[in-house]
Amino acid sequence: MTDIIDPRPPLPEWILDAYDVICAHGTDPGNHEGAQSVSREQAREILLSADELALEPGDADHALTRLLERGYFYAVDDELRVTTPEH
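Residues numbered from 1 in each chain as written. Predicted model: local features only at pLDDT ≥ 70, side-chain atom pairs only at ≥ 80, totals over all residues. Heavy atoms only, no water.

Asker: Sorry if this is basic, but what is going on with helix 3 (residues 57-69) here?
Answerer: Spanning 13 residues, helix 3 covers 18 Å between terminal C-alpha atoms, matching the ideal 18 Å at 1.5 Å per step. Buried residues along helix 3 sit in contact with helix 1 (13-25), helix 2 (40-49), strand 2 (73-76) and strand 3 (79-82). Gly71, located one to two residues past helix 3, shows a positive phi value of around 90 degrees. (Helix = DSSP H or I, 4+ residues; strand = E, 2+ residues; numbered from the N terminus. Expected span 1.5 Å × (residues − 1). Contact = heavy atoms within 4.5 Å.)

Structure, rendered in structure tokens:
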């Protein structure tokens, strides 16, 4: 995810790992005309149950907030949708 031409601001590696886990385990690429999406609660549960990560609930919430703030996801109602960077 740390692509040199990625226009999104960089994040700590553990938050990028959380993003990768959510994208791999929780998003539905067939939803919303091709946009990958997951509910915020489902994303939180994925992070807390992921074997690859050892996150406390506060860490999971912080990661989701930072991913939203930095444009990796955007929110529609209670749903997080993956933002695809322009290359």
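Asker: Sorry, what's going on with a negative patch on the surface here?
Answerer: Taken together, Glu41, Glu45, Asp77 and Asp78 make up a surface patch of like negative charges. Locating Glu45 in the fold gives a position in helix 2. (Patch = residues over 30% accessible without salt bridge, like charges linked within 9 Å, V, L, I, M, F, W, Y side chains within 5 Å. Areas by Shrake-Rupley, 256 points an atom, 1.4 Å probe, with all protein chains shown as cover. Salt bridge = Lys/Arg side-chain N within 4 Å of Asp/Glu carboxyl O. Lys, Arg positive; Asp, Glu negative; His and termini not counted. Charge placed at Lys NZ, Arg CZ, Asp CG, Glu CD.)

Asker: Sorry if this is basic, but what is going on with the side chain of Glu79 here?
Answerer: Following the sequence through the fold, Glu79 ends up in strand 3. Given a relative accessible area of 18%, Glu79 falls into the buried group. A polar side-chain atom of Glu79 sits 2.7 Å from a polar atom in the side chain of Arg81. (Buried < 20%, exposed > 50% of the residue type's maximum accessible area, 1.4 Å probe, protein only. Polar contact = N/O pair within 3.5 Å; in protein donor to acceptor, adjacent residues only side chain to side chain.)

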